[in-house]
Amino acid sequence: MNRGFDQKRSAPTASGQQQTLIMRPLSELMRETVAKLTGVLGKHALPHTERIFEHLLCCSHTDLYLDGHRNVDSVLTDRLDAIVCRCLDCEPLDYILGTTYFFDREFIVAPVVLVPRPDTERLVEQVLCHEKARQLCFADIGTGSGIIACILTEQRPQWNGVGIDVSPRALSVARRNVRSEGIGLVCSDLFRAFRALRRFDFIVGNPPYIKSGDIGGLDESIHRFEPLIALDGGNDGLAFFRRLAREAPAHLKAGGSLYCEIGYDQEDAVRSIFSAPPWDRFRCFRDLAGNPRVIIVCNRG
Ligand SMILES: C[S@@+](CC[C@H](N)C(=O)[O-])C[C@H]1O[C@@H](n2cnc3c(N)ncnc32)[C@H](O)[C@@H]1O
């Protein structure tokens, strides 16, 4: 790997003159970066530093350590300083680098979409575990960067999905992430654009579920940088579940399931929202820490 490990000790300036580049050993720069980031990021400082250097040097994790003795030039350290500065201002690294990983797949992200969370992988796993039909059509409600629809159609190439979001800017990010032909993207306030009563085999979604009043108390990296529309679930955080309970049955086949991520303390409230017909067979699944995070409920029809 040569990129970033420029062995030249001089580089041409705008005037054509040679300027001496200051070379620094990679391992020393990495140690220094971890130290700078620890105050803000704590135990995440090392993994963040590794991602930053992998990005800057276009190299693998292993290369970082195999080539730790190599020198890095000051062009690269200027870029490093700019990134570190934004990290110290609490901006999420995924927005700074413009990408993130979900299900081991790289996705483009931008401040107009929520940064995908590992918790949402549990939601996708439940869908893959319960939906056995070879061919079916689903809706991913509040698709954001498109992670859920993308992974489902990539894991099940025979499935077709519609990613729905009220934010055109979020959909423009989702569009850049779509690799499969089986995904359509629709700008709509929940199902409003689907007047023809189109019915899906299942509906999946990670709706905004934070109480409006709690948002200001979240980490600075969340409330200052992530889109409010992706977080705000109304006064009690449950507004979208109430709307889904009312509006989803018209768009879900009889016997079809609705899969949703919920907040760790919302199980009872969400269960009660889906307690009336046509909803049936409410189930809740926990994450590894034992918190209820995914619900499945069936449309009895
Ligand atoms: C919590 S984010 C989830 C994004 C993505 N699915 C994920 O899991 O990372 C919620 C998404 O719902 C979208 N949204 C908010 N209100 C909506 C509405 N009324 N109709 C459709 N989408 C909405 C937001 O724009 C945001 O992209």
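At a minimum axis separation of 8 Å, helix α1 (residues 26-41) and helix α2 (residues 45-57) run at an interaxial angle of 135 degrees. Considering their axes alone, α1 and α2 lie oblique with respect to each other. For the pair α1 and α2, the sense of crossing is right-handed. On α2, the residues touching L26, L29, M30, T33, V34, L37, T38 and L41 of α1 are A45, L46, H48, T49, E50, I52, F53 and L57. Here the residues of the contact of α1 with α2 sort into 11 nonpolar, four polar and one charged.

Right, let's get into the packing of aromatic side chains. Here the structure, examined in full by the defined rule, presents eight aromatic pairs. Both rings, one in F102 and one in F107, keep their centres 6.4 Å apart while their planes meet at 70 degrees; by these two values the pair is edge-to-face. Centroid distance F138 to W159: 6.3 Å. Interplanar angle 70 degrees. Geometry classified as edge-to-face. Here F138 is found in strand β7 (residues 137-141), whereas its partner W159 is found in the loop between α7 (147-155) and β8 (160-165), with 21 residues between them in sequence. In this pair, the class of F138 matches that of W159, namely buried. An aromatic cluster is present here, built from F138, W159, F202 and Y259 joined pairwise through their rings. Directly above the ring of F107 sits R105, whose terminal nitrogen or CZ lies 4.1 Å from the centroid. The ring of W159 has R156 lying over it, and the distance from NZ or CZ to the ring centre is 5.8 Å.

Time to look at the site of the ligand. Taken together, 20 residues sit near the ligand, with G142, D165, D189, L190 and N206 positioned nearest. G142 has a polar backbone atom sitting 2.8 Å from a nitrogen atom of the ligand. Contact distances for the ligand include 2.9 Å between a nitrogen atom and a backbone N or O atom of L190. Notes on the ligand: free accessible area 600 Å², of which the protein chains cover 96%. Counted by class, the shell around the ligand contains 10 nonpolar, seven polar and three charged residues.

Conventions and cut-offs
Residues numbered from 1 in each chain as written. Predicted model: local features only at pLDDT ≥ 70, side-chain atom pairs only at ≥ 80, totals over all residues. Heavy atoms only, no water. Axes fitted to C-alpha atoms, helices over the stretch in contact; angles between N-to-C directions. Helix = DSSP H or I, 4+ residues; strand = E, 2+ residues; numbered from the N terminus. Parallel < 35°, antiparallel > 145°, perpendicular 65-115°, else oblique. Left-handed = near helix turned anticlockwise from the far one by under 90°. Contact = heavy atoms within 4.5 Å. Nonpolar A, V, L, I, M, F, W, Y, C, P; charged D, E, K, R; others polar. Phe/Tyr/Trp six-rings, centres within 6.5 Å; stacked < 30°, edge-to-face > 60°. Buried < 20%, exposed > 50% of the residue type's maximum accessible area, 1.4 Å probe, protein only. Lys NZ or Arg CZ within 6 Å of the ring centre and 35° of its normal. Near = heavy atom within 4 Å. Polar contact = N/O pair within 3.5 Å; in protein donor to acceptor, adjacent residues only side chain to side chain. Areas by Shrake-Rupley, 256 points an atom, 1.4 Å probe, with all protein chains shown as cover.

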